[in-house]
Amino acid sequence: MAVKTEPSEKASSAEATAEGLLTPEDLTRSGDRRRVLEARHRGRRFGLLWLLVGPGLLVLLGENDGPSMLSYAASGATYGIGFFLPFIAVTFVAAVVVQEMAMRVGAVTHRGYGELIFQRFGGFWGWLSVVDLLGTNLVTLVTEFIAIRVGMSFFGVPAPLAVGGGLVLVAFSIAGGRYWRWERIALGLAVFNLLFVVVAVMSRPDPAALAHAFATWTPLPNGSLQLFLLVLASNVGATVTPWMVFFQQSAVVDKGMTPKDIPQARIDTVLGGLLAAAAGCGALVAASVLFVHHVDTSQLQAGTGFAQALQPFIGYPGAAIFSLGLVEAGALAIMTISASTAYALGEAVKGPHSFNRKLGDAKSFYGINLGAAVVAAAVVLIPGAPLLSITLNANLLATVLMPAALVFLIMLANDRELMGPRSNPGWLNWIGIAVAVLVGLAGTSYAVVAFFNTVGWHFLS
Amino acid sequence: MQDHQQHIYLGEPEEDLIESLEPDQLVIEMDKPVSRRRLNGYTTAGLWALRVFLLTITGMVIYAFVAGVINTPR
């Protein structure tokens, strides 16, 4: 790593051992790293990939969360597959570009995103970034519990039991004192995100229509401009959000990845993008059946909604799989978003921020992890809480605040003092800037139209 | 000593286990802050402009959200 540290004197691993400066966190991480080095030394390519995948898959499948899948489904149900099917695919390309930067910065600097903002740009910008993150994460966590509640209600499970189950999952996953354990539990859960692909197949889409949509981006949406911009901005916020940057960079550091692991970490990120895009497009395609049959979808997200609406067209098994997919989407995102909250706050206050710490050594880290989930769960159980409005606006908030996170990420990835020869090439900067502009335009256009319509100036409705 | 560096390991771990980590991956090294970057005036002004713009847009979204909640019939 090209980064300067203060003080600049660096200890070797052996010196650190001799001086007794190793922590249990080092030992836990080094055990996992030894398996990576052995796999690399023996030329086990797939074994090495298996050991190194995780952060990229988790961040991209984790972002296929409750509100995201509902946004994709709402897009399909409202507008069919015409414009939004290729649009969603493009947003995942943007997400992969952004996440590759976060992964690379983490692997090279061995520091989380929040940590680097604080150290490189100072506490003012650091706290602004963390406050942005906390706001969006808390709102998003609420929507994850809404997704679990909605998904489980299809099977008749009461809301308190469904929400409590989500909390038990978080508590179980963080109890091991080892990043590897937490990551593998999350990965096991993430596989079920592909249930949305199964539902899409069960909805028997016309392959020619899918190909036509990808080739022409038509038919274009029509109707209310505000609704179109809401769906557009929600879809952008469903794939590119601040917590993803915080999470992947911190997870890469916690996993102990180094610059030598970057090729495998790129595969991890691209694979995550492909699978997440398939699942996201699956949700849209499945729900487009409702568009074809002219089903009114304006209030579907309030209840068991989409699953029940889909049942006449794809049968009970399809509707049940859709509901299970929603539960998975919410459950995985609770784990990853709680983790990003705990990582970011730990980095901000220079407290513990690693799953490789034992519970007793990192009470604040695990406390924030579980506490964030508990607060969000409590909101969901408040009688009369505006769950529909929260769900619709969660992705919007992320979209609006994302440009700030992107600008700092691009600055870090271009910081030659930090990144050395692994800083961004010029062409990647242009793509990064294009993504920031796309996200900024999507959030701004909706905000302006929604605001003026709300205050009664309906010139753009 | 930061909270991070407490609970120092007092045993004698296997040498090869420790050598699995790069020196700058040790917790004690990762806790050392990187040097502060000096931002020029244009960059600072750009960051401030972006921040003010985003806060304005966020305020508009929150206003529309709250108004929507208040005006939604229960």
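The shown structure was predicted, so the numbers you read here are calculated from the model rather than taken from an experiment.

**Q** Would you explain the overall build of chain A in this entry?
**A** Each helix and strand counted, chain A has 20 helices and zero strands in total. The C-alpha atoms of chain A give 22 Å as radius of gyration, which agrees with the globular expectation for 461 residues (23 Å, within 12%). Principal-axis analysis of the C-alpha atoms gives chain A an extent of 70 × 45 × 45 Å. The buried share of chain A, taken over its 461 residues, is 62%.

**Q** What exactly am I supposed to notice about unusual backbone geometry here?
**A** Comment: phi is negative for the bulk of residues other than glycine, and the bulk of peptide bonds are trans. Residue and element names in this part refer to chain A. The omega torsion of the bond from threonine 218 to proline 219 falls at 0°, within 30 degrees of zero and hence cis. Among the secondary structure elements, proline 219 is positioned in the loop between helix H12 (207-216) and helix H13 (225-237). The phi torsion at histidine 110 lies on the positive side, around 60°, for a residue other than glycine. By the element assignment, histidine 110 lies in the loop between helix H6 (84-109) and helix H7 (113-121). Residue histidine 294 is not a glycine yet carries a positive backbone phi of 55°.

**Q** I keep staring at the environment of valine 379 of chain A and nothing clicks. Help me out?
**A** All names here are of chain A. For valine 379, the location among the structural elements is in helix H17 (residues 363-380). Measuring from C-alpha to C-alpha, the distance between valine 379 and valine 139 comes to 9.6 Å, with 240 residues separating the pair along the chain. In this structure, valine 379 is in contact with Val142 and Ala385, ignoring residues within four places of it in sequence.

**Q** Can you walk me through helix H11 (residues 195-202) of chain A in this structure?
**A** In an α-helix, one full turn covers 3.6 residues, which means residues spaced three or four apart are oriented alike. Residues and elements named next belong to chain A. Within H11 the residues assigned to the buried category are Leu195, Phe196, Val199 and Ala200. An end-on view of H11 places all buried positions within 145° of arc, on one side of the element. Buried residues belonging to H11 abut helix H5 (66-79), helix H15 (262-292) and helix H16 (305-348). Backbone geometry just after H11 places arginine 204 at a positive phi near 50°.

**Q** Would you mind going over the environment of glycine 66 of chain A with me for this structure?
**A** Residue and element names in this part refer to chain A. Along the chain, glycine 66 turns up in helix H5. In this structure glycine 66 comes out as buried when scored by relative accessible area, which is 0%. Not counting residues within four places of it along the chain, the set of residues in contact with glycine 66 comprises Glu144, Ala147, Leu326, Ala329 and Gly330.

**Q** Help me understand the packing of helix H8 (residues 123-153) of chain A against H16 of chain A in this model?
**A** Pairs of packed helices are described in terms of their axes, by the angle between the two and the distance that separates them. All names here are of chain A. Remark: H8 packs on H16, axes separated minimally by 8 Å, with the N-to-C direction vectors making an angle of 160°. Here H8 is positioned roughly antiparallel relative to H16, judged by the angle of their axes. Note on packing geometry: the crossing formed by H8 with H16 is left-handed. Per-class residue counts for the contact of H8 with H16 are 20 nonpolar, eight polar and one charged.

**Q** Would you mind showing me how to read the pattern of salt bridges here?
**A** All names here are of chain A. Per the counting criterion, the structure on display carries 16 salt bridges over all chains. One salt bridge in this structure joins arginine 178 and aspartate 32, with 2.4 Å as the shortest N-O distance. With a gap of 146 residues between them, arginine 178 in the loop between helix H9 (159-173) and helix H10 (179-190) and aspartate 32 in helix H2 (residues 24-41) connect regions that are remote in the sequence. Its salt-bridge partner being glutamate 417, residue arginine 120 comes within 3.0 Å of it at the nearest N-O pair. Taken together, the residues span a long stretch of sequence, with arginine 120 in helix H7 and glutamate 417 in helix H19 (residues 416-419) at a distance of 297 residues. Its relative accessible area of 31% is what places glutamate 417 among the partly exposed residues. Connected via shared salt-bridge partners are Glu25, Arg29, Asp254 and Arg357.

**Q** Sorry if this is basic, but what is going on with H17 of chain A here?
**A** Residue and element names in this part refer to chain A. Helix length check: H17 (18 residues) gives 26 Å between terminal C-alpha atoms against 26 Å at 1.5 Å per residue, within 8%. Listed in full, the buried residues belonging to H17 are Phe365, Tyr366, Asn369, Ala372, Ala373, Ala376, Ala377 and Val380. The elements touched by buried residues of H17 are H8, H9, H16 and helix H18 (387-413).

**Q** Help me understand the side chain of glutamine 264 of chain A, please; the structure alone is not making it clear to me.
**A** Inspection of the secondary structure assignment puts glutamine 264 of chain A in helix H15. When neighbours within four sequence positions are excluded, glutamine 264 of chain A is seen to be in contact with Arg40, Leu48, Leu49 and Leu52 of chain A.

**Q** Sorry if this is basic, but what is going on with a nonpolar patch on the surface here?
**A** Taken together, the side chains of Trp430, Ile433, Val437 and Leu441 of chain A present a nonpolar region at the surface, about 450 Å² in accessible area. In this fold, valine 437 of chain A is placed in helix H20 (residues 426-454).

**Q** Mind showing me how you'd approach the confidence of the model for chain A here?
**A** Residues shown with low pLDDT carry predicted positions that ought not to be read at fine detail. Per-residue confidence for chain A gives a mean pLDDT of 90; residues scoring 70 or more make up 93%. Counted against residues more than four places away or in other chains, residues 2-12 of chain A, with its pLDDT under 50, gives 30 contacts.

**Q** Hey, could you run me through the packing of aromatic side chains in this one?
**A** All names here are of chain A. Inspection of every chain in the model, using the stated rule, returns 32 aromatic pairs over all chains. Between tryptophan 125 and phenylalanine 408, the aromatic rings sit 6.0 Å apart at their centres with planes inclined by 50°, giving tilted as the arrangement. Of this pair, tryptophan 125 sits in helix H8 while phenylalanine 408 sits in helix H18, and the two are 283 residues apart along the sequence. Neither tryptophan 125 nor phenylalanine 408 differs from the other in exposure class; each is buried. With a centroid separation of 6.5 Å and 55° between ring planes, the pair formed by phenylalanine 247 and tyrosine 343 is classed as tilted. Pair noted here: phenylalanine 247 is in helix H14 (residues 242-255) and tyrosine 343 is in helix H16, with a separation of 96 residues, a long-range link. Across the pair, tyrosine 343 and phenylalanine 247 agree in class, each one buried.

**Q** Where do I start with the nonpolar core in this structure?
**A** Soluble, globular proteins show a tendency: their nonpolar side chains are buried together. If you look at the biggest cluster of nonpolar residues, it comprises 150 residues, and the most contacted ones within it are Tyr113, Trp182, Phe247, Phe306, Phe322 and Phe355 of chain A. Counting five residues, the second largest nonpolar core, distinct from the first, contains Val400 and Ala447 of chain A together with Met60 and Val61 of chain B.

**Q** Would you explain the side chain of glutamine 119 of chain A in this entry?
**A** When you line up the elements, glutamine 119 of chain A lands in helix H7. Assessed through its relative accessible area of 13%, glutamine 119 of chain A is described here as buried. Beyond its immediate stretch of four places on either side in the chain, glutamine 119 of chain A contacts Arg111 of chain A together with Lys32, Pro33, Val34, Ser35 and Arg36 of chain B.

Cut-off values and rules
Residues numbered from 1 in each chain as written. Chains lettered and ligands numbered in written order. Predicted model: local features only at pLDDT ≥ 70, side-chain atom pairs only at ≥ 80, totals over all residues. Heavy atoms only, no water. Helix = DSSP H or I, 4+ residues; strand = E, 2+ residues; numbered from the N terminus. Rg over C-alpha atoms; globule rule 2.2 N^0.38 Å. Buried < 20%, exposed > 50% of the residue type's maximum accessible area, 1.4 Å probe, protein only. Contact = heavy atoms within 4.5 Å. Arc of directions from axis to C-beta. Axes fitted to C-alpha atoms, helices over the stretch in contact; angles between N-to-C directions. Parallel < 35°, antiparallel > 145°, perpendicular 65-115°, else oblique. Left-handed = near helix turned anticlockwise from the far one by under 90°. Nonpolar A, V, L, I, M, F, W, Y, C, P; charged D, E, K, R; others polar. Salt bridge = Lys/Arg side-chain N within 4 Å of Asp/Glu carboxyl O. Expected span 1.5 Å × (residues − 1). Patch = residues over 30% accessible without salt bridge, like charges linked within 9 Å, V, L, I, M, F, W, Y side chains within 5 Å. Areas by Shrake-Rupley, 256 points an atom, 1.4 Å probe, with all protein chains shown as cover. pLDDT = per-residue confidence, 0-100. Phe/Tyr/Trp six-rings, centres within 6.5 Å; stacked < 30°, edge-to-face > 60°. Core = buried A, V, L, I, M, F, W, Y, C linked by side-chain atoms within 4.5 Å.

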